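Spelled out, the chains give:
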Amino acid sequence: MKIIFSKYQGTGNDFIIIDNRSVCWQPTTAQVSFLCDRHFGIGADGLMLLSEKSGFDFAMNYYNSDGNESTMCGNGGRCMTAFAKSLGLIDRIAHFWAVDGIHEALIPENDPEYRFRLKMKDTQIEKILC
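Residues numbered from 1 in each chain as written. Predicted model: local features only at pLDDT ≥ 70, side-chain atom pairs only at ≥ 80, totals over all residues. Heavy atoms only, no water.

Side note on the nonpolar core
The condition that has to hold: The set of buried Ala, Val, Leu, Ile, Met, Phe, Trp, Tyr and Cys residues whose side-chain atoms join them within 4.5 Å is what this entry labels a nonpolar core. For every residue, the accessible area obtained with a 1.4 Å probe (protein chains only) is divided by the maximum for its type, and the residue is called buried under 20%, exposed over 50%, and partly exposed between those limits. Secondary structure counts use DSSP, requiring at least four H or I residues in a row for a helix and at least two E residues in a row for a strand, with both numbered from the N terminus. In what follows, residue pairs with any heavy atoms lying within 4.5 Å of each other are defined as contacts.
Counting 22 residues, the largest nonpolar core has F15, I17, M48, F58, M60, M80 and F96 as its most contacted members. Secondary structure elements with two or more residues in this core: β2 (13-19), β3 (46-51), β4 (58-64), α2 (74-86) and β6 (93-98). With five residues, α2 is the largest single contributor of residues to this core. Not counting residues within four places of it along the chain, the set of residues in contact with F96 comprises F56, F58, M60, M72, G77, T81, G101, I102, H103, A105 and L118. Grouped together as the second largest cluster of nonpolar side chains are ten residues, W25, A44, L47 and L49 included.

So this is what it looks like as structure tokens:
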């Protein structure tokens, strides 16, 4: 099977991105791990699939380089937004779905450096005392 991919980098993290809207590929852990391998594959910190999701501009599935599906990645989300813009799916604002829920990204007007802004979810940190 032939799959067309793009490779993006954001703040030093690089990603393989695939427009999965018509391909509907569901990679195995081994396939993702192989593609992300820097010696025998394409090489990347992760792989992302852009898919359709009703009510959203797109959906983002993110896989770590070990092949396991993971939660939202900030640098990856910004790269995915740039990819969606290159496909003509968004203009300045993106509302997209990731495994941890709804996200919003903004592309500032007239920004030649494409400094995308991504709203991240609040996190909670619990201290573990020994």
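Observations regarding unusual backbone geometry
Here T11, not a glycine, exhibits a phi torsion of approximately 50°, which is positive. Counting through the fold element by element, T11 comes out in the loop between β1 (6-10) and β2. Of note, the phi angle at C24 is positive, near 55°, even though the residue is not glycine. Relative to the elements of secondary structure, C24 occurs in the loop between β2 and α1 (29-36).

Section: the pairing of strand β7 (residues 101-106)
Inclusion rule: DSSP calls a pair of strands paired once it identifies at least 2 bridges connecting them.
In this sheet, β7 lies alongside β6 in antiparallel orientation, the contact comprising six bridges. Looking at the pairing, A94 lines up with A105 of β7. The turn joining β6 and β7, which pair antiparallel and follow one another in sequence, is formed by two residues. Note that β7 and strand β8 (residues 117-118) share two bridges and pair antiparallel. For A105, the partnering residue across the bridge sits in β8 and is L118.

Some words on the pattern of salt bridges
We count it as follows: A side-chain nitrogen of Lys or Arg and a carboxyl oxygen of Asp or Glu constitute a salt bridge if their distance falls within 4 Å.
Under the defined criterion, the tally for this structure stands at five salt bridges. Between R21 and D19 there is a salt bridge, and its shortest N-O distance comes to 2.7 Å. The salt bridge partner of R38 is D45, with a shortest N-O separation of 3.1 Å. The exposure class of D45 is partly exposed, given its relative accessible area of 26%.

Notes on α2
The condition that has to hold: Take the number of residues in a helix, subtract one, and multiply by 1.5 Å to get its expected span.
Spanning 13 residues, α2 covers 19 Å between terminal C-alpha atoms, matching the ideal 18 Å at 1.5 Å per step. When α2 is considered as a whole, its buried residues turn out to be N75, G76, G77, C79, M80, T81, A82, F83 and A84. Of the residues trailing α2, G88 is marked for its positive phi of about 80°.

Some details on the state of the cysteines
Note the following rule: When two cysteine sulfur atoms are found within 2.5 Å, that pair is recorded as a disulfide.
According to the stated counting rule, one finds zero disulfides in the structure shown. Here C79 stays free of any disulfide, with the sulfur of C73 as its closest cysteine sulfur at 8.0 Å.

Things to note about the pairing of β3
Just so we agree on the cut-off: With the strands pointing away from the viewer, any crossover whose connection runs clockwise from the first strand over the helix to the second is right-handed.
Counting buried positions along β3 gives six out of six residues, so the element sits mostly inside the fold. By the alternation rule, side chains of β3 split into G46, M48 and L50 and L47, L49 and S51, which are all buried. Each parallel crossover has a hand, and the one from β2 via α1 to β3 is right-handed. Taken together, the six bridges between β3 and β4 define a ladder with antiparallel strand orientation. Within β4, the position partnered with G46 by the bridge is N64.

Take it as geometry only, folks, not as evidence of what the structure does.
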